[in-house]
Structure formats: structure tokens, C-alpha cells
Amino acid sequence: MTVAVENASATQARTTSERILVLDFGSQYAQLIARRVREQNVYCEIVRHDITPAQIANHNPSGIILSGGPASVYEDGAPKCDPGLFEIDIPILGICYGMQLVCDSLGGKVDSTRTREYGRAFCEVSTPDPLFNDFPGNAQVWMSHGDQVQQVSDDFVGIARTDTCPVAAIKHKHRPVYGLQFHPEVTHTTHGAILLKNFLYEVCGCEGTWKLSDFADEAIDRIRKQVGDNRVICGLSGGVDSSVVAALLFKAIGPQLSCILVDNGLLRKGETQIVVDQFANHFKTDLHVVKATDQFLSVLAGVTDPQEKRTKIGHTFIDCFKAEAEHIENAKFLAQGTLYPDVIESGAAPDGPAATIKLHHNVGGLPDQLGFELIEPLRDLFKDEVRRLGIELGLPEELVWRHPFPGPGLAVRCLGEITEEKLVVLREADAIVIDEINQAGLYRETSQLFAVLLPVQSVGVMGDARTYENALVIRCVNTDDFMTADWSRLPYEVLAKMSTRIINEVAGVNRVCYDISSKPPATIEWE
Ligand code: XMP
């Protein structure tokens, strides 16, 4: 209920600025389209494919993009848009499946052949059009389709072609309706950004007025209205999302904000201090650090099963957070760092199919249990936008660019039973790998880097003595979305320095390995 109200007011508050709607027909690229549009300084939102014309009018968009999708327009049950969409006078760009839908819906004659085409093609402009302004006569584009349009009706004209696709781009003769068979949003389409820019600026008449700083001002305004005189609690973890939420809230409501950091003893080296320095010392926020190491370690004593570790940590976190929150008077709201991809994936986008929000595992259940209303000021942003916002709000680069860290923390990197002694070893080794990657200037080029302590001893020789000590793994991956990942090809010299330093400086480790598994089949974390 709270979510629905927030959505409605948020949508209304933004109807004055330029915006584009992406109707999602199940494309793996729908989010990418939205990002590309925002990169052109035009606000963009993803909505359900069957959104009604009345709902569209409520958004007051400057243009509509119909995404691709895996279906064929001729299949039973293929997702269709409301036919009324084509009655409203708003520019439309159909991409791949979206283009076939445009043709199908506007009486265009579409001959579908199941000529599958995936990958690179070269697109030649056949009829000059504003959509292709500044597009080279012939440029690489990226195809990914089963069906393709072979012929168009008299209402349309083909404006570009490839060797295998005679109508790679179409335009309606009398209305601002376009279609592209290829994907302008992917980087393999070398001049795709120009096409999207032309659609936004030349066809839709946008001026590119959307800026993150405007977003921040609007968000601050909304937060103030929503919160009134009440108090907001924000859980801090040391990660970028919760830090940006807290910084934004601090700017909006300053003294009405209370932050809680549960120090579970499973954090990285120096993490608590970074949060304290930034939020208590610098912003002067009301920060409550709950020192709960003993509580967590006693709950985890003897536990080796990864799922059991996670569950126990989750419950203990809730207990600690709740106990602290109960001491904070007049708290009515709980802030969460939900991002736009979470909102879309959970189907809770405005006009989305369901209203179930994917709760951050750390605070799952808390709003209900404590009777809080949720406040999610980042729910319209992508991760890179959150980082940029963090910088605008004055957070240090070090915090804003931190690699992700799992809620259960070092517990899922300390395999087998967790003890204070093992955590000390792991924390020190982890600090060394991070230090070395920074020294090598490669931190930002990798997506996640950390150490994993194995419950395995092996034989070594140090000085003249035999040792029998722990084996430790360095894990470093590159990924765009953390759903798939590849191991990072770190230079040997960097790995060598990490290994030498760990074995020399961390007592209890005599062997260091590098994890060269990709995801899938491995996961990024070891547990
Ligand atoms: P996996 O190991 O599933 O991890 O490949 C993918 C990404 O998710 C992070 N991760 C978590 N983050 N709570 C979190 O907040 C968790 O329980 C959790 N488990 C994994 C992981 O660090 C990686 O970035």
C-alpha cells in the first residue's frame, strides 16, 4: 500500500519534465534502452507492455519506445500493446520485436520468414531521414531476431537495409512512427547512440533537460513532503547504496535522520571506521553503532552449513536492528537502498505487474515488524547513477566506488566454522589484496575482489621449518550485472605481490591460490 502511494506521487511529481517510456515486451535489453536514453539527459522509465493509453497520458511522455522481445508477433499469446497506443499522437520507435509490432498494428504487411539472424551486420541508409542524421552511410549494427519484416505496406517506407534484411529501418509516411530491426542500445551497434539521440531530439523534440542534480532536488523535495516532522531510520552497511540513501536523507531532513550500523564482526577491515568518519564525524548524523560481534559469533559457533550461516546472520541482524530502532523515538519511516533494477525485476515498477518489492535481505521483514513505512529514494536510479549522485552529495570516492560486499559479510568467505581467529586472518589478507589492487591502479577495472579463507591446511616450509597452515584464495571477477562473471586476468606481478605479502604478513597462511572459475558454473562468493 505504502509503495503504491509512493509510486503515484512520485510519478505525478515528475510529469512536468521530459520523459520517455519504454514498453517492455520481455527484452533482455529493456534496461539498457532506458540507460541509453538517460545518458542523453532525457528521463526514461520502463513500463509494462500492456499499459493503457490513459496510463500513458498520466506519464505525459515525449515519446515511446517498444522494446524487443523473444516472442513472434504471430504466436498465440504473444505480448501486444494496447491498440489505442497508435491512436495517440506521440512519437514511437519500435525496436526488433517492437518494429514488427508497429508494422503488424498499423496494417503494415509483414511477411515473416524465420530467418534467424544474430550478431553483426552492416546497415546502409537508403532514404535520408532525421533519424539517421550523422549516421555514416554504412555502419555496423547488431541483430538478434528470429522474425524479420520483409515488406512494408504503403503507409511505411523502408529507410535502411542490410545484406540479409531489406528493411532494417522503417518510417511511417505520415506520422512520427519508426522501427529498427537491429538494436541501437547495444555497443556493438557502433552508432546506436546517434540513432537514439536523433529519435529523442529530432523526432520527439526533447531538449535533454534531465540532470542528476535535478533528480536530487526533486527527491529531496519529495522526501521532505513525505516525511513531514517524523523521524527516518536508515540502516548503514558501508556499501554505496545505503550510504547514498543516508546522504540524500541527510540533505533532505538533517536532524530527523537516525542511522543504524550493526557491527556484526563480519565487516571488512576499517569498514566501521569509514562509516563513522563519514556519517558521525563529517555529516554529524545521529549514528547508532550496534556492537554485536559477540552476539553474532556465539550464534554462529559450530555452524558450517552456508545456508544456516546466512539464515542465522539474517535473524540476528533483525534482532539487533530492531532492538536499537525501538530506542529511537518518533521513527515512522525506514529508508532502503532499493535500485531501479530491483524494482523492475520484482515487477513493482509503476504500472508493473505486481506490487511485491524485493526487500534487501538485511532489512527484510523489518518494515512490517516495526510498523515502519518504507522510503526508497533511489528506486528510479541505476547503479552508475547512484554512484554519480553519491559524488554530488559529497561522499568520498573511496566509499562511492567500493566493490559490493554481501550482507552476511566475511562469514561466507570464511569457509567452515567461523572463529574470531580465522576472521582476523581473513580480514588482514583481504585488506592486503585490496591495497595491492589499489596500488596497481586496477580497483575500478575490476568488479569485485576479495580473499577467501579455506578450512584446509597444507604443508609448507618457512625459514628452515616445516609449516602446516591455512590455504587462502584470492577471488577477483569482472562483470556488468553480477549475474554472470568472468575471473579477472590480473597481471602476474600483482598476484605475486599479493601472495608474497599475505604469506609474509599474515600469520597462519602459507599458501595462496587464485580462483579462475567463471560464473556460471561457479558463483562469485564461495558460500
Ligand atoms: P554470487 O555469489 O551469487 O553473488 O555469484 C553475486 C553478487 O551478490 C553478492 N551477494 C550478496 N549480497 N547479500 C548481499 O547483499 C547476500 O546474501 C549476498 N550473497 C551474494 C555477491 O557479493 C556478488 O556481488
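Our subject is the structure that appears above.
The following paragraphs examine the structure supplied in this document. (Residues numbered from 1 in each chain as written. Predicted model: local features only at pLDDT ≥ 70, side-chain atom pairs only at ≥ 80, totals over all residues. Heavy atoms only, no water.)

**Regarding the overall build of the chain**
- Counting secondary structure elements, the chain contains 16 helices and 20 strands.
- By the compact-globule yardstick of 24 Å for 527 residues, the chain fits well, its C-alpha radius of gyration being 26 Å.
- With respect to the principal axes defined by its C-alpha atoms, the chain has extents near 85 × 60 × 40 Å.
- Expressed as a percentage of its 527 residues, the buried residues of the chain come to 54%.
- Surface summary for the chain: the accessible area is close to 22,400 Å², and the carbon and sulfur share equals 50%.
- Separation between the mean location of the 48 positive side-chain charges and that of the 71 negative ones in the chain comes to 2 Å. (Helix = DSSP H or I, 4+ residues; strand = E, 2+ residues; numbered from the N terminus. Rg over C-alpha atoms; globule rule 2.2 N^0.38 Å. Buried < 20%, exposed > 50% of the residue type's maximum accessible area, 1.4 Å probe, protein only. Areas by Shrake-Rupley, 256 points an atom, 1.4 Å probe, with all protein chains shown as cover. Lys, Arg positive; Asp, Glu negative; His and termini not counted. Charge placed at Lys NZ, Arg CZ, Asp CG, Glu CD.)

**Let's talk about helix H7 (residues 240–253)**
- With 14 residues, H7 extends 20 Å between its outermost C-alpha atoms, agreeing within 8% with the 20 Å of an ideal straight helix rising 1.5 Å per residue.
- With 12 of 14 residues buried, H7 lies mostly within the body of the structure.
- When H7 is considered as a whole, its buried residues turn out to be Val 240, Asp 241, Ser 242, Ser 243, Val 244, Val 245, Ala 246, Ala 247, Leu 248, Leu 249, Ala 252 and Ile 253. (Expected span 1.5 Å × (residues − 1).)

**Considering the site of the ligand**
- Among the 11 residues in the neighbourhood of the ligand, the closest are listed as Arg 310, Gln 448, Lys 519, Ile 524 and Glu 525.
- Here an oxygen atom of the ligand and a side-chain polar atom of Arg 310 are 2.5 Å apart.
- Within the side chain of Lys 519, an N or O atom sits 2.7 Å from an oxygen atom of the ligand.
- Relative to its unbound accessible surface of 490 Å², the ligand loses 75% to contact with the protein. (Near = heavy atom within 4 Å. Polar contact = N/O pair within 3.5 Å; in protein donor to acceptor, adjacent residues only side chain to side chain.)

**Here we look at the state of the cysteines**
- Tallied over the entire structure, the rule returns zero disulfides.
- Note on Cys 206: no disulfide assigned, nearest cysteine sulfur contributed by Cys 204 at a separation of 5.2 Å.
- Of all cysteine sulfurs, the one in Cys 513 lies closest to Cys 414, which takes part in no disulfide; the gap is 16 Å.
- Cys 414 sits in the buried class, given a relative accessible area of 0%. (Disulfide = S-S within 2.5 Å.)

**Describing the environment of Glu 324**
- Residue position: Glu 324 is located in helix H10 (residues 306–325).
- The class for Glu 324 is buried, based on a relative accessible area of 19%.
- Of note is the side chain of Glu 324, whose polar atom sits 2.8 Å from the side chain of His 288.

**Re the sheet that holds strand S3 (residues 63–66)**
- Strand order in the open sheet made by the nine strands is S2-S1-S3-S4-S11-S10-S9-S6-S7, with mixed pairing throughout. Sheet topology places strand S2 (43–48) and strand S7 (138–145) at the edges, where each strand pairs with a single neighbour. Taking each pair of neighbouring strands and ignoring which way they run, the sheet shows an average axis angle of 30°.
- Inspection of the sheet shows strand S9 (residues 156–161) paired to strand S10 (residues 169–172) by four bridges, in the antiparallel sense. Across the sheet, Ala 160 pairs through a bridge with Ala 169, a residue of S10.
- Its contacts with the sheet place helix H4 (residues 97–105) against S3, strand S4 (92–95), S9, S10 and strand S11 (177–180), and it is angled at close to 120° to S4. (Pairing = 2+ DSSP bridges. Axes fitted to C-alpha atoms, helices over the stretch in contact; angles between N-to-C directions. Contact = heavy atoms within 4.5 Å.)

**Observations regarding the layout of surface pockets**
- Its boundaries defined by the atoms lining it, the second largest pocket holds a volume of some 340 Å³.
- As for the second largest pocket, its lining consists of 14 residues, and the residues nearest its centre are Glu 398, Arg 402, Ile 434, Asn 438 and Tyr 443.
- Those elements that provide at least two residues to the lining of the second largest pocket are helix H14 (397–400) and helix H15 (420–439).
- Partitioned by chemical class, the residues of the lining of the second largest pocket number five nonpolar, one polar and eight charged.
- Taken domain by domain, the makeup of the lining of the second largest pocket includes at least three residues from each of domain 2 (212–400) and domain 3 (413–514). (1 Å grid on protein atoms, 1.4 Å probe; cavity = no way out; pocket = protein on both sides within 12 Å on 5 of 7 lines; lining within 4 Å. Points joined across faces, edges and corners; volume = space filled by probe spheres on them. Nonpolar A, V, L, I, M, F, W, Y, C, P; charged D, E, K, R; others polar. Domains from an automatic or database assignment.)

**Details of the nonpolar core**
- Ranked by internal contacts, the top residues of the largest apolar core, which has 45 residues, are Ile 233, Ile 260, Val 262, Phe 296, Leu 449, Met 498 and Ile 502.
- At the level of secondary structure, the elements contributing two or more residues to this core comprise strand S13 (257–263), helix H9 (293–300), H10, H15, strand S17 (448–462), strand S18 (465–478), helix H16 (492–505) and strand S20 (509–514).
- The element best represented in this core is H15, accounting for eight residues.
- Setting aside its immediate chain neighbours within four residues, Met 498 contacts Ile 432, Val 433, Glu 436, Ile 437, Leu 449, Ile 474 and Leu 490.
- If you look at the next biggest cluster of nonpolar residues, it comprises 42 residues, including Tyr 43, Leu 212, Leu 249 and Ala 335. (Core = buried A, V, L, I, M, F, W, Y, C linked by side-chain atoms within 4.5 Å.)

**Considerations on the pairing of S3**
- Every second residue of S3 is oriented toward a common face, with Gly 63 and Ile 65 on one face and Ile 64 and Leu 66 on the other, all of them buried.
- Pairing of strand S1 (residues 19–24) with S3 involves four bridges; the strand directions are parallel. The residue of S3 that forms the bridge with Ile 20 is Gly 63.
- As paired strands, S3 and S4 are joined by three bridges and run parallel to one another. Paired with Ile 65 across the bridge in S4 is Leu 93.

**Describing the sheet that holds strand S12 (residues 231–236)**
- If you trace the five strands from one edge of the open sheet to the other, you get S14-S13-S12-S15-S16, paired in parallel fashion. On the outer flanks of this sheet lie strand S14 (286–291) and strand S16 (373–375), each paired with one strand and no other. Sheet twist, expressed as the mean angle between neighbouring strand axes with direction ignored, is 30°.
- Relative to S16, strand S15 (residues 331–335) runs parallel, the two sharing three bridges. When the bridges of S16 are listed, Phe 333 appears paired with Glu 373.
- Here helix H6 (residues 212–227) sits on the sheet in contact with S12, S15 and S16, set at roughly 170° to S16.

**Some details on the packing of H15 against H16**
- Where H15 contacts H16, the two axes come as close as 9 Å, and the packing angle between them is 150°. By the angle between their directions, the pair H15 and H16 is classed as roughly antiparallel. Our pair here, H15 against H16, has a crossing hand that is right-handed. Where H15 abuts H16, its residues Ala 429, Ile 432, Val 433, Asp 435, Glu 436 and Ile 437 lie against Val 494, Lys 497, Met 498, Arg 501, Ile 502 and Glu 505. (Parallel < 35°, antiparallel > 145°, perpendicular 65-115°, else oblique. Left-handed = near helix turned anticlockwise from the far one by under 90°.)

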